[in-house]
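Next come the chains, spelled out residue by residue.
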Amino acid sequence: MRPVMAAFVALCLSATPLAAADIEAGRQRAETCVVCHGADGITADPSIPSLAGQRERYLQWQLVFFRNGRRANPIMGPLAADLSDEDLRNLGAYFAFLPRANPPAGAPDSVLHEQGRQAAARHRCAACHQDDYGGSQAAPAVAHQTRAYTAKALRDYRSNARPSVGVAAMNQAAGGLTDDDIAALAVYLERPE
C-alpha cells in the first residue's frame, strides 16, 4: 500500500496549480498561530519551528497531515481539524511570503559544525533540501531552524513518529542517523553558511 500512497502523493504534488492563494486571508487566519510560531512566523521557543519563509507546499502538506491525524500533535491536531482546503492554501502562501529567520547570533561550535557539514554531504541532504538548505516544493527549508527543533524532528523521523511526504524519504534518511549525527546536523543546519 505504501508505494501506491507514494505514487498518489507524487501525482498530487506534480498536478496543475491549485486555485490562487490569498496571502491576506492567510495572514488573518494565522492570528492564532503567532502564540506559538511567533509574530511574522519566527518563534522565540527553540522547540517550535519558525514558519516564515517555509515552502508553501510543505506547509500545506503538514497541515493536511495534522488535520487528518497522520501527524499526531495534541496542539496542532485540533487547530488544523477546522481548516478548510482554502485555509491550508492561504496559510501556506502567507508563511511562505514572509522572510525566513536569520541564523542565530554568534559562531557555532566549529567541530560540531564541520561534523554536521560532513553528515549532510554523506546523507545527501541537499538532494531534496537544495544546496542552501532552503527547500524545494514539498521539501522544507531546514536552514536557520533552531538546533533543538531540528534535532527533535530528525529523531522523530528516525523513529517513524513523524511521517514523511511522498516516498518516506526522511524516515529512510533519518533511519541511518546516529545520535551524534543528529546533534551535528542540528548545529550545522542552524547556520549552514
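Basis of the calculations
Residues numbered from 1 in each chain as written. Predicted model: local features only at pLDDT ≥ 70, side-chain atom pairs only at ≥ 80, totals over all residues. Heavy atoms only, no water. Helix = DSSP H or I, 4+ residues; strand = E, 2+ residues; numbered from the N terminus. Buried < 20%, exposed > 50% of the residue type's maximum accessible area, 1.4 Å probe, protein only. Contact = heavy atoms within 4.5 Å. Areas by Shrake-Rupley, 256 points an atom, 1.4 Å probe, with all protein chains shown as cover. Core = buried A, V, L, I, M, F, W, Y, C linked by side-chain atoms within 4.5 Å. Axes fitted to C-alpha atoms, helices over the stretch in contact; angles between N-to-C directions. Parallel < 35°, antiparallel > 145°, perpendicular 65-115°, else oblique. Left-handed = near helix turned anticlockwise from the far one by under 90°. Nonpolar A, V, L, I, M, F, W, Y, C, P; charged D, E, K, R; others polar. Salt bridge = Lys/Arg side-chain N within 4 Å of Asp/Glu carboxyl O. 1 Å grid on protein atoms, 1.4 Å probe; cavity = no way out; pocket = protein on both sides within 12 Å on 5 of 7 lines; lining within 4 Å. Points joined across faces, edges and corners; volume = space filled by probe spheres on them. Expected span 1.5 Å × (residues − 1). Phe/Tyr/Trp six-rings, centres within 6.5 Å; stacked < 30°, edge-to-face > 60°. Lys NZ or Arg CZ within 6 Å of the ring centre and 35° of its normal.

The next thing to look at is the overall build of the chain. In terms of helices and strands, the chain carries eleven helices and zero strands. Mapped in sequence order, the helices and strands of the chain form the string α-α-α-α-α-α-α-α-α-α-α. Taken over 193 residues, the chain has a buried fraction of 42%. Partitioning the contacts of the chain with sequence separation of at least 6, the portion at a separation of at least 24 is 71%. With the model as given, the accessible surface of the chain reaches about 10500 Å², and the carbon-plus-sulfur share is 57%.

On to the nonpolar core, then. Note on soluble globular proteins: their nonpolar side chains tend to be buried together. If you look at the biggest cluster of nonpolar residues, it comprises 36 residues, and the most contacted ones within it are F95, Y133 and L185. Going through the elements one at a time, α4 (56-68), α5 (76-81), α6 (85-97), α7 (110-122), α9 (147-158) and α11 (179-190) are the ones with two or more residues in this core. The element that contributes the greatest number of residues to this core is α4, accounting for seven residues. Sequence-distant contacts of Y133, defined by excluding residues within four places in its chain, comprise R100, A120, C125, A126, A141, V142, A143, Y188, L189 and P192.

A few words on the packing of α4 against α6. It is the contact of α4 with α6, at a shortest axis distance of 8 Å, that shows an interaxial angle of 140°. With respect to α6, the element α4 is oriented oblique. Along this stretch, α4 crosses α6, giving a crossing that reads as right-handed. Contacts from E56, L59, Q60, L63, V64 and R67 in α4 reach D85, L88, R89, L91, G92, A93, F95 and A96 in α6. Along the lines of polarity and charge, the residues of the contact of α4 with α6 split into eight nonpolar, two polar and four charged.

A full pass over the atoms with the stated rule returns eight salt bridges. E24 is the salt-bridge partner of R27, the closest N and O atoms lying 2.6 Å from each other. Of this pair, R27 and E24 both sit in helix α2 (residues 23-29), separated by three residues, roughly a single helical turn. Measuring nitrogen to oxygen at the nearest pair gives 3.2 Å for the salt bridge that ties D181 to R122. Here D181 is found in helix α11, whereas its partner R122 is found in helix α7, with 59 residues between them in sequence.

This brings us to empty space enclosed by the protein. Any empty space left between atoms is shown by rolling a water-sized probe over those atoms. Counting across every chain of the model gives one cavity of 30 Å³ or more. Its boundaries defined by the atoms lining it, the largest cavity holds a volume of some 60 Å³. For the largest cavity, the full set of lining residues is S50, A52, Q54, R100, A101, A141, A143, H144 and Q145. Of the residues belonging to the lining of the largest cavity, the class tally is four nonpolar, four polar and one charged.

On to the side chain of N171, then. Inspection of the secondary structure puts N171 in helix α10 (residues 169-175). Given a relative accessible area of 11%, N171 falls into the buried group. In contact with N171, not counting residues within four places along its chain, are Y157, N160, R162, P163 and S164.

Take N102: it is sitting in the loop between α6 and α7. A residue is classified by how much of its surface remains accessible, and N102, at 66% relative accessible area, is exposed.

In this model, α9 (twelve residues) spans 16 Å end to end at C-alpha, consistent with the 16 Å of a helix rising 1.5 Å per residue. Buried residues along α9 sit in contact with α4, α10 and α11. The positive-phi residue at the C-terminal boundary of α9 is N160, with phi of around 65°.

Before going further, it helps to spend a moment on the packing of aromatic side chains. One pass over the structure, following the stated rule, counts three aromatic pairs. When the ring of Y133 is compared with that of Y188, the centres are 5.8 Å apart and the planes differ by 85°; the resulting orientation is edge-to-face. Of the two residues, Y133 sits in the loop between α8 (126-129) and α9 while Y188 sits in helix α11, which places them 55 residues apart along the sequence. By the burial criterion, Y133 is buried, and Y188 matches it. Sitting over the ring of F65, R70 keeps its end group 4.4 Å from the ring centre.

Function-wise, these values are silent; they only describe arrangement.
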